[in-house]
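Read off the chains here:
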Amino acid sequence: MDSAETMFPKKRAISKVAQNILKKRYYHTGENSWEDIANRVIEWVIPDAPQDRKEITRQMIINTYFIPNSPCLVNSGKPDGGLSACVPEYTRIPTDMGLLPISDVVNNKIGAWVFDGTNKVRIIGRKNSGIKRVIRITTERGHVLDLTEDHRVLVYNNKNKNSISKWKTVSELKNGDVLEFSNMGSDFPANDFDKNLAIFIGYLYTDGCFTRDGRNGSRILDIIVNSKHEAELLSKINILITGEDNLNIMYNDKYIRLRGYGTSRYSLLEKYEPFFSGICRVPNDIYESNKESIGAFLSAVFSADGYVSVTKTGAIIGLAMSNEMFIRDVGKLLEYYGIRYSIHKSVDKRSDYKRLDSYVITITDKFSQKLFLDNINFINPQKSEKLELYL
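Residues numbered from 1 in each chain as written. Predicted model: local features only at pLDDT ≥ 70, side-chain atom pairs only at ≥ 80, totals over all residues. Heavy atoms only, no water.

J.: What am I meant to see in the nonpolar core here?
T.: General note: in soluble globular proteins, nonpolar side chains tend to be found buried as a group. With 60 residues, the main nonpolar core has Phe297 and Leu334 as its most contacted residues. Here phenylalanine 297 is in contact with Ala198, Ile201, Gly202, Tyr205, Val282, Ile286, Phe326 and Leu333, once residues within four sequence places are set aside. Leu22, Ala38, Ile42 and Ile62 belong to the second-largest nonpolar core, a separate cluster that totals 15 residues. (Core = buried A, V, L, I, M, F, W, Y, C linked by side-chain atoms within 4.5 Å. Buried < 20%, exposed > 50% of the residue type's maximum accessible area, 1.4 Å probe, protein only. Contact = heavy atoms within 4.5 Å.)

What follows is the structure in structure tokens.
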């Protein structure tokens, strides 16, 4: 029988970057190598296993055929350390198939590749860790994290220039702690999704509606835009979608209205109808799309309901809507590009009639604004030009 070393030859050496991460996050006192971590995990998780099984598992970990999750690597050896911290089932995680709910990944996508903030790792199995208490963290910049109380987060330590960040469980966090967020972005899935359809859906989600005529069942499509360029682009996309030049374009002093009718010509859009109405969330087709189509969707959304504000001290790229969950969905898509953003609630105090409060996503640092310009930009030419001139 082959030895464990022969069965699992080294796939690749631990890089210097990985070694630095191990030193910063994972080593216990007295450890200084990946092999030390593997030995600790084995002796803590399967101490009573037959020696040959322990050795096979050890070689799998050492040679990176199998890598336990971060809680297991960090907490093995700690009497009160959890080995399987969790996030709720609705949490979306970056995979090679798109930003998918974790419940979908573990139930239906075994074998998918997941981006863990540093590398891609393949999901090879799942384990039921029971029911755990979930704590919601809300940051000063409006980010919301739902995590089990044993989940670890990196807390920034700024007491002095030699301080290093520290891992804490969620249950150990206190008001005022500063969390470190990864801003690396992640790879995009290669799933095919029509870029033109992404633009069309983006405008419908923001300044459009898709309804049915109660008299004859005909579908009615309405979109409001602010420039001739946008109107002409949507008219061309409408022809590609329906095969007909049927869109009526009505010019107004303040806006341009596009309207289309048809019993069956807009059947392609019917699968998105729940999202156009009460739910109004970014559809899965966009989450699972490619870089160009996600950017096209965001470009339409920001062109319709977004803005650029330039002052003497800087600029703000913003998007305001009354739907909080849609705004948070947009934030998730921005994270794909490594774009930093904030979310806040804006209370409308005008009393002329009942108004809804809005949720605003803002991009304020120049690095993220450049990423936005290069990867998304505005379809609206006035907004695009304003941003380009500032940058």
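Here the narrative resumes, following the displayed structure.
J.: Just to check I follow, could you spell out the pattern of salt bridges for this structure?
T.: Close approach of charged atoms lets side chains of opposite charge pair. The final tally for this structure, using the stated rule, is 20 salt bridges. Here aspartate 329 and arginine 281 are joined by a salt bridge, their closest N and O atoms 2.7 Å apart. Of the two residues, aspartate 329 is situated in helix α12 (residues 324-335) and arginine 281 in the loop between α9 (273-276) and α10 (284-287); the sequence distance between them amounts to 48 residues. Of the charged contacts, one joins lysine 370 and aspartate 374 as a salt bridge, the two residues approaching to 2.9 Å between their closest N and O atoms. (Salt bridge = Lys/Arg side-chain N within 4 Å of Asp/Glu carboxyl O. Helix = DSSP H or I, 4+ residues; strand = E, 2+ residues; numbered from the N terminus.)

J.: Sorry, what's going on with the environment of asparagine 246 here?
T.: In this structure, asparagine 246 sits in the loop between α8 (228-242) and β12 (248-251). The sequence separation of asparagine 246 and serine 235 amounts to 11 residues, and the corresponding C-alpha distance is 8.6 Å. Among the polar contacts made by the side chain of asparagine 246, one reaches the side chain of asparagine 238 at a distance of 2.8 Å. Polar side-chain contacts of asparagine 246 include one of 3.4 Å to the side chain of threonine 242. (Polar contact = N/O pair within 3.5 Å; in protein donor to acceptor, adjacent residues only side chain to side chain.)

J.: Before we go on, may I ask you to explain helix α13 (residues 366-375) in this structure?
T.: Every α-helical turn comprises 3.6 residues, leaving residues that sit three or four positions apart pointing alike. Taken residue by residue, α13 has Ser368, Gln369, Leu371, Phe372 and Leu373 as its buried positions. Elements that come into contact with the buried residues of α13 comprise α11 (291-305), β15 (315-321), β17 (358-363) and α14 (381-390). Phi turns positive, to about 65 degrees, at asparagine 377, one or two residues after α13.

J.: Looking at this model, I keep getting lost on the environment of asparagine 284. Mind explaining?
T.: The topology assignment puts asparagine 284 in helix α10. On the basis of relative accessibility, which here comes to 37%, the residue asparagine 284 falls in the partly exposed class. Asparagine 284 sits 185 residues away from leucine 99 along the chain, and the two C-alpha atoms are 8.4 Å apart.

J.: How should I be thinking about the packing of aromatic side chains in this particular structure?
T.: Aromatic rings in a pair are described by how distant their centres are and how their planes are angled relative to each other. One pass over the full model with this rule turns up six aromatic pairs. Aromatic pair tyrosine 205 and phenylalanine 297: ring centres 6.0 Å apart, planes at 80 degrees, arrangement edge-to-face. Pair noted here: tyrosine 205 is in helix α7 (residues 195-207) and phenylalanine 297 is in helix α11, with a separation of 92 residues, a long-range link. Taking the centre distance of 5.0 Å and the plane angle of 70 degrees together, the rings of phenylalanine 302 and phenylalanine 372 count as edge-to-face. Here phenylalanine 302 is found in helix α11, whereas its partner phenylalanine 372 is found in helix α13, with 70 residues between them in sequence. The two residues phenylalanine 302 and phenylalanine 372 agree in class, both being buried. Site record: aromatic cluster; members linked through ring pairs are Tyr205, Phe297 and Phe326. Here arginine 92 stacks its cationic end above the ring of tyrosine 287, 3.7 Å away from the centre of that ring. (Phe/Tyr/Trp six-rings, centres within 6.5 Å; stacked < 30°, edge-to-face > 60°. Lys NZ or Arg CZ within 6 Å of the ring centre and 35° of its normal.)

J.: I would appreciate a short explanation of the side chain of threonine 362 in the present structure.
T.: Mapping threonine 362 onto the fold places it in strand β17. Overall, the relative accessible area of 11% leaves threonine 362 in the buried class. Among residues more than four places away in sequence, those in contact with threonine 362 are Tyr307, Ile316, Ile317, Gly318, Arg340, Tyr341, Ser342 and His344.

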